[in-house]
Structure formats: C-alpha cells, structure tokens
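# Examining the three-dimensional arrangement
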Amino acid sequence: MKGRQMYTMPRQGSGESGSGYSARSSDLSLDEEREHFRRDTERQALFQLEKARTKPVVFAVKTNVAFDGSLDDDSPVHGSAVSFGIGDYLHVMERYDPNWWIGRKVQENCEIGFIPSPAKLENLRIQLAQNKTAKVYSQKGTQSGDKLGRFIPHKNKEGPVKVTINEDGEEVVTPAEPTENVDTTGGASTLVEGKAKKKGLLGNKVETVPPYDVVPSMRPVVIIGPSLKGYEVTDMMQKALFDHLKRRFEGRIIITRVSADISLAKKNALNNPSKRALIERSNSRGSNLVEVQNEIERIFELSKSLQLVVLDCDTINHPSQLLKTSLNPILVYLQISSPKVLQRLIKSRGKSQTKNMNVQMVAAEKLAQCPLEMWDIILHENSLEDASDHLCGWLEEYWAATHPPHRGEPVGTTNTQQQSRMFRQKPTEEDQEYARMRERYEEE
C-alpha cells in the first residue's frame, strides 16, 4: 500500500538474530579459557611448592619491611603468600619467577610458601607512594573547592570546630585542637616500610634501605663476657660452655675459632664492589679487610650445612662490634652479676691476672650497661651448669624453628658426625691447660 513503509523482521534461527548471542558465547569461551589457564598455572605452582619442601635452603635473608600476604594475595597459589614483620628471618629454597620466591619464615609451625621478591616489593612500594600522592591531591582539591567555607566556619566540614558562648551570650566558633592525621580509609597496607635512615652532614639525604639483607642460613652464635677475651676467667667460662654445647649437640654443631677482627666487616664497605676494590688496593689495613671478608665468607659457607655454628672470636668483647656486619649473630651474654664474685675469680687465677683486674672490671661494667635489646639471650645463672642448660634450651628452640618437621633430621648420623669432626680442632697444649684450670675451678 502506498504511504506505508514495510519493515522486515529477522527470522528466528537466522544469522541476524544470533549475532548478539554469538558475541556473548565468544566472551564466555574467552573467560573459560582464562580460567582454565589460571587453574593450570596454579596447579603447576602448587606442584613446584610441594617439590620445594624437600629442597635445601639456598640462602637466607633478614627483612627490613613488613608484608601481609593475607590482605592482597596475588601469589601463584592463592593463600600461600608468606607474611612477615620487620626483622624476621626467611629461608629461601628457590626463585619461582621474577616476582616470587619459594621459602618459609624461620619460626616454628610456619609452612613453606611464596615470598615476594625485591622487585615485587619495589612495585608495591611505588604503588603505595602513588596512592598516598593521589590522596594528598584529592584532599587539596576538596579544600580549595569551596572557598566560601573559609569565611563561614559554621559549615566547615573539613575539620571539627568548637562552639562556645561568650559573656554577651553570643555564639563563637573556633577551630578545634589539631589532631594527628589518621588514615580513615579503613584499608590496611600490604607493605609497611621501616624507618628511612638519613645520611649526609645535615641529614638531608634519605638512605634507601633494601627490603632484604642477605644473612647466613644459620645465625652464628657468639658468646660475650663476663669480661675480656684473652684473660683466664673469661676464656675458662666460655670454653666450659663450648664443651657443654659439643656434648649436647653432638653431630649438629660446628665450633670454630675466629682470629680475624670481624668487627671490620661493615656491610656497606664489603658489599660495594667499588669500595672493595679500593680496599684491596690499599695498605696493610686493606689486606686485613680482605682477610676479614674471607672469614665472613667462610662463616656463610659453614652455615649452609644448617648446623649450629658457634664462633670463638678472639677480638669480640662488645655486642656493638657486630651490629654493622652481615652476620646477624645470636648474641649471648655470659654474665656475672656481682662484681665481688668476678674479683674473687680474677684473684684466684694468680698475680699475672690480678695485675690486669681493673681492665677486666671496666669491661664487665660496660657489658652490664648494654641495653637488653642488644642481646638475644642473657645467662645470669649462678652456676655454669645451669647457664649451659639455659643456653642449650634456647638453641633447641632455634633448631626446631630452622628445621621444620617435614624436612626431617639430617640424612644419616654418620655424615653429620664426619662433618662436625672436620671443623673441630685437635687438642693443643692450651686445651690441656684449660682442662686443668677447669678442674681447679670446680674444686674451688
């Protein structure tokens, strides 16, 4: 008919009516493919995680940041991210990919999982900084958006106000007391950084602290006190502890003597290749530092056996000497609480020790003034036997934290006994003399 416009309806089942359906089906197939790929990747990651349970520890790190994997878990296996705080120790078995390692926190009942790599933590740090910057700009925008609010304090919603009534009965509005800015967004942060260290003459420059510091796989044990090394009382009491540790941890311990001054092993100097090159080209002090670095590397190598490593250091008499090294040792304070008891012990060693009594008493006083946070364990028992039991109990707990049950004990006791014998020194005349001194001390 004229004047009428004919419209053609698409037939059911034709390609025209199914165009939208085919697009939706292609989207569904794409989502299914992505889900299949994700599950396959997670399955492979889970297999790699289970396989790593039987692998040895490759290296260990100490954390300078805190990470909460439960807040934003994007690890290869959901729910397997390892959370840790500042100052924790981590054992790493392998590098899974550029963003994740496989390892565990050195603590009892901590399972193996995925640890964020330094690159992953750096990305989180940048993201956190960007979020803070965006928040600051948004706050500035809202503050400058309504300039009229500056002149009408009654309607100021940016901060609390204080309303009072003056003597004439008029209402007076004043700003409330300022309070600290608190993040009220309600979301906790996945990454928490430690305090940035300032450097430079005026402290203007901020030193960038790495998220991890590489440390020995087993923290070496260093016993300090009750006074100076090289004097009979201190050497006698420390060697009594060494003997007790040898018997208690037979096949699980390495006791080695360190004659080099490892307090010179500063992390910044030895880890920087340019500084190390200058050290090696310098004078006799440089040669000493090279010897120190070799000693540090030897201690790292000993710790890879995951046995307890005890250092008999000739030059370490104060915990501050080891604070800036990469060893992160277990600092043990062998304490004699009463100065009079220490004086009697020094006098009992004869005139050769009595003439140096003042030096020993001053050193003991300096150790007593150290903050408690500098020590991992303080042995203040009245008898060496009780002090030895105290130390052994602490080290048994550390052993349990570093050797989870699924890893099992070292394979074969004969091998561990042979390894421990390799690092033990043959008895010398000094050891025999010490044995006689100890017998006299026990008789007294």
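### Some words on the environment of Gly-85
Among the structural elements, Gly-85 can be located in the loop between β2 (65–67) and β3 (89–97). A sequence separation of 106 residues divides Gly-85 from Leu-191, and the C-alpha atoms of the two residues are 9.7 Å apart. Every residue in contact with Gly-85, bar those within four places of it in the chain, is listed here: Thr-63, Val-65 and Ala-66.

### What to know about the sheet that holds strand β4 (residues 100–105)
Taking strand neighbours across the sheet as the criterion, the 5 strands line up as β5-β4-β3-β1-β11 in an open arrangement whose pairing is antiparallel. Here the strands that pair on one side only, and so sit at the sheet edges, are β5 (113–116) and β11 (212–215). Ignoring which end each strand starts from, the neighbouring axes of this sheet average 50° apart. Summarising the sheet, β3 and β4 pair through 6 bridges and their orientation is antiparallel. By the bridge assignment, Arg-95 is partnered in β4 with Trp-101.

### Some points on the packing of aromatic side chains
For the structure on display, the rule yields 7 aromatic pairs. Judged by centre distance (6.1 Å) and plane angle (55°), the ring pair of Phe-84 and Tyr-212 falls under tilted. One end of the pair, Phe-84, is in the loop between β2 and β3; the other, Tyr-212, is in strand β11, and 128 residues separate them in sequence. Given a relative accessible area of 4%, Phe-84 falls into the buried group. In this structure Tyr-212 comes out as buried when scored by relative accessible area, which is 8%. A connected cluster of aromatic rings, assembled from ring pairs, spans Phe-59, Phe-67, Phe-84, Trp-101 and Tyr-212. Arg-252 extends its terminal NZ or CZ atom over the ring of Trp-399, reaching a point 5.0 Å from the ring centre.

### Digging into empty space enclosed by the protein
Scanning all chains against the criterion turns up 1 cavity of 30 Å³ or more. The space that makes up the largest cavity amounts to roughly 30 Å³. Contributing to the lining of the largest cavity are Val-222, Ile-223, Ile-224, Lys-229, Gln-238, Leu-311, Cys-313 and Ile-316. Top element by residues in the lining of the largest cavity is strand β12 (residues 221–224). It accounts for 3 residues. Here the lining of the largest cavity is built from residues that sort into 6 nonpolar, 1 polar and 1 charged.

### Notes on the sheet that holds strand β16 (residues 377–379)
Read from one edge to the other, the open sheet built from 5 strands follows the order β13-β14-β12-β15-β16, with strand pairing classed as parallel. The sheet is open, and its two edges are formed by β13 (253–258) and β16, each paired on a single side. With strand direction ignored, the average angle separating the axes of adjacent strands in the sheet is 25°. Here 3 bridges tie strand β15 (residues 330–334) to β16, and the two strands are oriented parallel to one another. Counted as the bridge partner of Leu-334 is Leu-379 from β16.

### Concerning the pattern of salt bridges
With the rule as written, the count across this model stands at 15 salt bridges. A salt bridge links Arg-43 to Asp-40; the nearest nitrogen and oxygen atoms lie 3.3 Å apart. Separated by 3 residues within a single helix, Arg-43 and Asp-40 lie in helix α1 (residues 19–52), roughly one turn from each other. A salt bridge links Glu-94 to Lys-55; its shortest N-O distance comes to 2.8 Å. On the criterion of sequence distance, the pair formed by Glu-94 in strand β3 and Lys-55 in the loop between α1 and β1 (59–63) is long-range, its members being 39 residues apart. Residue classification places Glu-94 among the buried residues on the basis of a relative accessible area of 13%. Residue classification places Lys-55 among the partly exposed positions, given a relative accessible area of 26%.

### Some thoughts on the confidence of the model for the chain
Should pLDDT be low for a region, the predicted coordinates there are not to be read in detail. Confidence in the prediction for the chain averages 77 pLDDT; 64% of positions are at 70 or higher. Below pLDDT 50 for its whole length, residues 407–427 participates in 23 contacts with residues either more than four positions away or in separate chains.

Definitions and cut-offs
Residues numbered from 1 in each chain as written. Predicted model: local features only at pLDDT ≥ 70, side-chain atom pairs only at ≥ 80, totals over all residues. Heavy atoms only, no water. Helix = DSSP H or I, 4+ residues; strand = E, 2+ residues; numbered from the N terminus. Contact = heavy atoms within 4.5 Å. Pairing = 2+ DSSP bridges. Axes fitted to C-alpha atoms, helices over the stretch in contact; angles between N-to-C directions. Phe/Tyr/Trp six-rings, centres within 6.5 Å; stacked < 30°, edge-to-face > 60°. Buried < 20%, exposed > 50% of the residue type's maximum accessible area, 1.4 Å probe, protein only. Lys NZ or Arg CZ within 6 Å of the ring centre and 35° of its normal. 1 Å grid on protein atoms, 1.4 Å probe; cavity = no way out; pocket = protein on both sides within 12 Å on 5 of 7 lines; lining within 4 Å. Points joined across faces, edges and corners; volume = space filled by probe spheres on them. Nonpolar A, V, L, I, M, F, W, Y, C, P; charged D, E, K, R; others polar. Salt bridge = Lys/Arg side-chain N within 4 Å of Asp/Glu carboxyl O. pLDDT = per-residue confidence, 0-100.

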